[in-house]
Amino acid sequence: MEAPVLNRSTTTPKPLGKTGVLLVNLGTPDSPSVPDVRKYLREFLMDGRVIDIPFIPRFLLVNGIIAPFRAPKSAKTYKEVWTENGSPLKYYGQVNERQLQLALGDEYVVRLAMRYQSPSIEAGLSEFQRLGLTDIIVIPLFPQYASATTGSVYEKVMDIIKTWQVIPEIRFINRFLEHPKFIDGFVQLGRKYMAEHDFDHFLFSYHGLPERQIRKGDITKTVCQLGNCCASLRADNQHCYRAQCFETTRRLVRELGIPEGKYTTCFQSRLGRDPWIKPYTEDTIRELAGKGIKRVLAFSPAFVADCLETTIEVGEEYKELFEELGGEHWQLVESLNDSPIWVETLVDLVKTA
């Protein structure tokens with residue numbers, strides 16, 4: 001006698017609950033006042049993944065030297081970048097939160113968090129915990145992986161959830177520099193300026209890191225040479241921040257049709273006396289000016305939202321340096337901010353996490 005045929009549905013079962021999506025950027029002071037900037041600097045620089053030295057010397061360095069003396073200067077710079085909407089980094093993050101929520105629909109709960117200051121990662125995860133979500137997707141908003149950025153977000157999230165009695169499935173986005181829409185977002189912005197002017201050179205400036213942090217990531221101690229080892233992204237260097245930055249440039253250059261010899265990858269925002277990854281952006285600008293380069297289009301593909309490092313450092317300070325050295329036209333390509341293609345990128349990252 002044949003067994004009865006069960007009526008099985010061919011449709012995918014409906015999820016039991018919603019999915020939480022936590023967008024995490026680095027952070028920003030609550031205001032450009034000196035006390036708020038000092039508070040932000042202390043939290044940021046006391047992170048052992050940011051200044052990776054033992055706790056006691058790090059504490060003395062941050063609280064005895066950097067925060068007290070750097071805060072007033074940084075506060076003045078933050079006032080320059082501050083808008084009627086507050087910090088651009090936080091403002092665009094909040095816009096992205098709303099845009100992504102609308103694009104994903106009711107099956108998702110999207111929240112913005114900052115690694116340092118507010119809104120905090122702990123607040124976002126606590127809300128997810130109260131809602132009893134089925135799973136959580138964490139998207140650090142850093143295109144390239146670095147221990148001091150994405151790695152720090154991972155560590156903070158895990159420190160919080162390890163205390164939960166029930167831990168749902170949690171997925172992390174490690175990097176997204178290869179995502180076609182992320183690349184196309186910067187390509188579209190670049191082409192806009194390339195249609196308006198002829199540029200002699202194209203500069204791709206990424207946030208720098210101490211060389212020691214890059215070497216620490218090479219657990220084999222045989223791959224990282226901080227040189228031509230970054231000429232391609234391979235299995236043995238795929239997690240290297242410097243290699244990922246050079247790969248980002250190669251992808252952008254290919255799509256923009258920029259010929260060899262007309263572009264440079266470099267690194268900005270040095271802090272302290274220890275060697276940071278090279279070439280340095282300031283040195284690159286001096287070399288370009290010395291070669292008679294007059295018109296430069298500058299990209300900052302390590303940032304998805306305008307901030308101090310893009311608007312002020314690349315957009316104003318490097319422009320001033322270039323012009324002092326004889327340059328005639330320096331143009332910053334803005335970040336992806338609230339562009340539709342950036343929201344499409346985030347949707348894809350969630351759906352394929």
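Since the model is a prediction, treat every value here as computed from it, not as a measurement. (Residues numbered from 1 in each chain as written. Predicted model: local features only at pLDDT ≥ 70, side-chain atom pairs only at ≥ 80, totals over all residues. Heavy atoms only, no water.)

**Description of the packing of helix 6 (residues 180-194) against helix 8 (residues 241-256)**
Rules: To get an axis, a line is fitted to the C-alpha atoms, and for a helix only the part in contact is used. The angle between two axes follows their N-to-C directions and goes from 0 to 180 degrees. Under the DSSP-based scheme used, a helix requires at least four consecutive residues in state H or I and a strand at least two consecutive residues in state E, with every element numbered from the N terminus. Small angles under 35 degrees read as roughly parallel and large ones over 145 as roughly antiparallel, with 65 to 115 read as roughly perpendicular and the rest as oblique. Throughout, a crossing is termed right-handed when the near helix is turned clockwise from the far one, and left-handed when it is turned anticlockwise from it by less than a right angle. Whether two residues touch is decided by their heavy atoms; if any such pair falls within 4.5 Å, the residues are in contact.
Contact pair helix 6 / helix 8: the axes reach a minimum separation of 10 Å and the direction vectors enclose 50 degrees. As the angle between them shows, helix 6 and helix 8 are arranged oblique. Handedness of the helix 6/helix 8 crossing: right-handed. Residues Phe182, Ile183, Phe186, Val187, Arg191 and Met194 of helix 6 lie in contact with helix 8, whose contacting residues are Thr248, Arg251, Leu252, Glu255 and Leu256.

**Some points on the confidence of the model for the chain**
Convention followed: What pLDDT reports is the predictor's confidence in each residue, on a scale of 0 through 100.
In this model, the chain carries a mean pLDDT of 95, and residues with pLDDT of at least 70 account for 96%. Note on residues 4-10: pLDDT is under 50 here. Beyond four places in sequence and across chains, it has zero contacts.

**Topic: helix 6**
Our working definition: One less than the residue count of a helix, multiplied by 1.5 Å, gives the span that helix is expected to have. With a 1.4 Å probe rolled over the protein chains alone, any residue whose accessible area is under 20% of its type maximum counts as buried; one over 50% counts as exposed, and the rest are partly exposed.
With 15 residues, helix 6 extends 20 Å between its outermost C-alpha atoms, agreeing within 8% with the 21 Å of an ideal straight helix rising 1.5 Å per residue. Within the sequence span of helix 6, burial applies to Phe182, Ile183, Gly185, Phe186, Val187, Leu189, Gly190 and Tyr193.

**A short note on the packing of helix 1 (residues 34-45) against helix 2 (residues 55-81)**
Stated formally: For this classification, Asp, Glu, Lys and Arg are treated as charged, while Ala, Val, Leu, Ile, Met, Phe, Trp, Tyr, Cys and Pro are nonpolar and the rest, including Gly, are polar.
Orientation of helix 1 relative to helix 2, taken along the N-to-C sense of each, is 135 degrees, at an axis distance of 8 Å. In terms of their interaxial angle, helix 1 and helix 2 are classed as oblique. Helix-helix and strand crossings are classified by hand; for helix 1 and helix 2 the assignment is right-handed. For the pair formed by helix 1 and helix 2, the contact residues are Val34, Val37, Arg38, Tyr40, Leu41, Arg42 and Leu45 on the first element and Arg58, Val62, Asn63, Ile66, Ala67, Pro68, Arg70, Ala71, Pro72, Ser74, Ala75 and Tyr78 on the second. Considered class by class, the residues forming the contact of helix 1 with helix 2 number 13 nonpolar, two polar and four charged.

**Focus on the sheet that holds strand 1 (residues 19-27)**
This is how it is decided: Paired strands, as defined in this entry, are two strands with at least two bridges between them according to DSSP.
Pairing within the open sheet is parallel, and its four strands lie in the order 2-1-3-4. Sheet topology places strand 2 (108-116) and strand 4 (169-172) at the edges, where each strand pairs with a single neighbour. Taken over all neighbouring pairs, the strand axes of this sheet differ in orientation by 20 degrees on average, direction set aside. Two elements, strand 3 (residues 135-140) and strand 4, share four bridges in a ladder whose sense is parallel. Counted as the bridge partner of Val138 is Phe172 from strand 4. Packing of helix 1 onto the sheet brings it into contact with strand 1 and strand 2, and relative to strand 2 it is tilted by some 95 degrees.

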